[in-house]
Amino acid sequence: EADIYQTPRYLVIGTGKKITLECSQTMGHDKMYWYQQDPGMELHLIHYSYGVNSTEKGDLSSESTVSRIRTEHFPLTLESARPSHTSQYLCASRPEGNTGELFFGEGSRLTVL
Amino acid sequence: EDQVTQSPEALRLQEGESSSLNCSYTVSGLRGLFWYRQDPGKGPEFLFTLYSAGEEKEKERLKATLTKKESFLHITAPKPEDSATYLCAVQKPQAGTALIFGKGTTLSVSS
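Residues take numbers from 1 onward in each chain, read along the sequence in its written order. Note on labels: chains are lettered from A, ligands numbered from 1, in written order. Since the coordinates come from a predicted model, pLDDT governs what is reported: local features require at least 70, and pairs of side-chain atoms require 80 or more to be given and counted, while whole-chain, interface and lining totals use all residues. Derived side-chain values reflect all non-hydrogen atoms in the structure, with water molecules and hydrogen atoms excluded from consideration.

Undergrad: Could you give an account of the overall build of chain A, naming the residues involved and the relevant values?
TA: Secondary structure assignment for chain A yields 0 helices and 11 strands. Elements are defined by DSSP. Helices are runs of H or I of four residues or more, strands are runs of E of two residues or more, and each kind is numbered from the N terminus. Tracing chain A from N to C terminus, the helices and strands come up as β-β-β-β-β-β-β-β-β-β-β. Only the C-alpha atoms count toward the radius of gyration. The rule for a globule is 2.2 Å times the residue count to the power 0.38. Taking 13 Å as the expected radius of gyration for a compact globule of 113 residues, we find that chain A reaches 13 Å, a close match to that expectation. Projected onto the principal axes, the alpha-carbon positions of chain A cover approximately 40 × 30 × 25 Å. Note on classification: 1.4 Å probe, protein chains only; a residue is buried when its accessible area is under 20% of the maximum for its type, exposed when over 50%, partly exposed between these limits. In chain A, buried positions account for 46% of the 113 residues. Residue contacts are defined here by distance: any two heavy atoms, one from each residue, within 4.5 Å place the two residues in contact. The long-range fraction of contacts in chain A, counting pairs at least 24 apart against all pairs at least 6 apart in sequence, stands at 52%. For chain A, the accessible surface area stands at approximately 5400 Å², while carbon and sulfur atoms represent 51% of it. Neither His nor the chain ends is counted toward charge; the positive residues are Lys and Arg and the negative residues Asp and Glu. The atoms used to mark charge sites are NZ of Lys, CZ of Arg, CG of Asp and CD of Glu. Here chain A contributes 10 positive and 14 negative side-chain charges, whose respective centroids are spaced 6 Å apart. Computed with the Shrake-Rupley method and a 1.4 Å probe, the accessible areas treat only the protein chains shown as cover for residues.

Undergrad: Account for unusual backbone geometry, naming residues and giving values.
TA: Cis peptide bonds are those with omega within 30 degrees of zero, and the linkage from Thr-7 of chain A to Pro-8 of chain A qualifies with -10°. With respect to the helices, strands and loops of the structure, Pro-8 of chain A is situated in the loop between strand S1 (4–7) and strand S2 (10–13). Across the junction of Ser-7 of chain B and Pro-8 of chain B, the peptide omega takes the value -10°, indicating a cis bond. The backbone of Asn-53 of chain A shows a phi angle near 65°, a positive value even though the residue is not glycine. Looking at where Asn-53 of chain A falls in the secondary structure, it is placed in the loop between strand S5 (44–51) and strand S6 (54–57). The class for Asn-53 of chain A is exposed, based on a relative accessible area of 70%. One non-glycine residue, Ala-77 of chain B, lies in positive phi territory at about 50°. Positionally, Ala-77 of chain B belongs in the loop between strand S8 (70–75) and strand S9 (84–91).

Undergrad: A description of the sheet that holds S8 of chain B should follow, citing residues and the corresponding values.
TA: Residue and element names in this part refer to chain B. Whether two strands pair comes down to DSSP finding at least two bridges between them. Taken in spatial order, the 5 strands make up an open sheet running S1-S3-S8-S7-S6, and their pairing is antiparallel. Each end of this open sheet is capped by a strand with a single partner; those strands are strand S1 (3–7) and strand S6 (56–59). Sheet twist, expressed as the mean angle between neighbouring strand axes with direction ignored, is 15°. Two strands pair when backbone bridges link them, and strand S3 (residues 19–26) and S8 are joined in this way by 6 bridges, in the antiparallel orientation. Along S8, the bridge assignment pairs Ser-20 with His-74. Orientation is described by lines fitted to C-alpha atoms, with helices fitted over the stretch in contact, and by angles between N-to-C directions that extend from 0 to 180 degrees.

Here is the structure:
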């Protein structure tokens, strides 16, 4: 069973608010990822990290930012939420090697009114 | 452009009615093709990795196969608990890069 946790699971917030989606894993994985998923659509990579102090933007342009100060923690922040940010955000981590096996959290569903 | 296309988008089966899901891909220098299962409101769960054409992997009622241009996920005698969205993903040649996912096939199995 994967040990990767996301909070909050659900969040409804007003436009203009700052939010942080938390992601923590206890498996010691260096590689971590944030994906965005809308209903019926594919997962799109928005941020990734190869380890502490490493962060990169993914293929999908996003107004969010991430940080990686500790191996186990990879939070995602939106400085000013807008309705277009309404989506499911999935955090994942990956062990060393090249298996491609990602361990996903259960996701944070964000609704911006 | 690297792309993953899954078909059909949705599939309804009766319990015990075997079928296959398709994943076609265009990516230069494939380093692996992956199948995941996603239940509603949950994150995807890893099923299989396939690396080279001709390779097959099995797990319970599921068998994944790979050719040079596509992969199939065969479901033999499915049960209602197999109902989920099945996602296909590919990995690009650069080491450490993330996966490119398809939109998935939503499978519903009724008893």
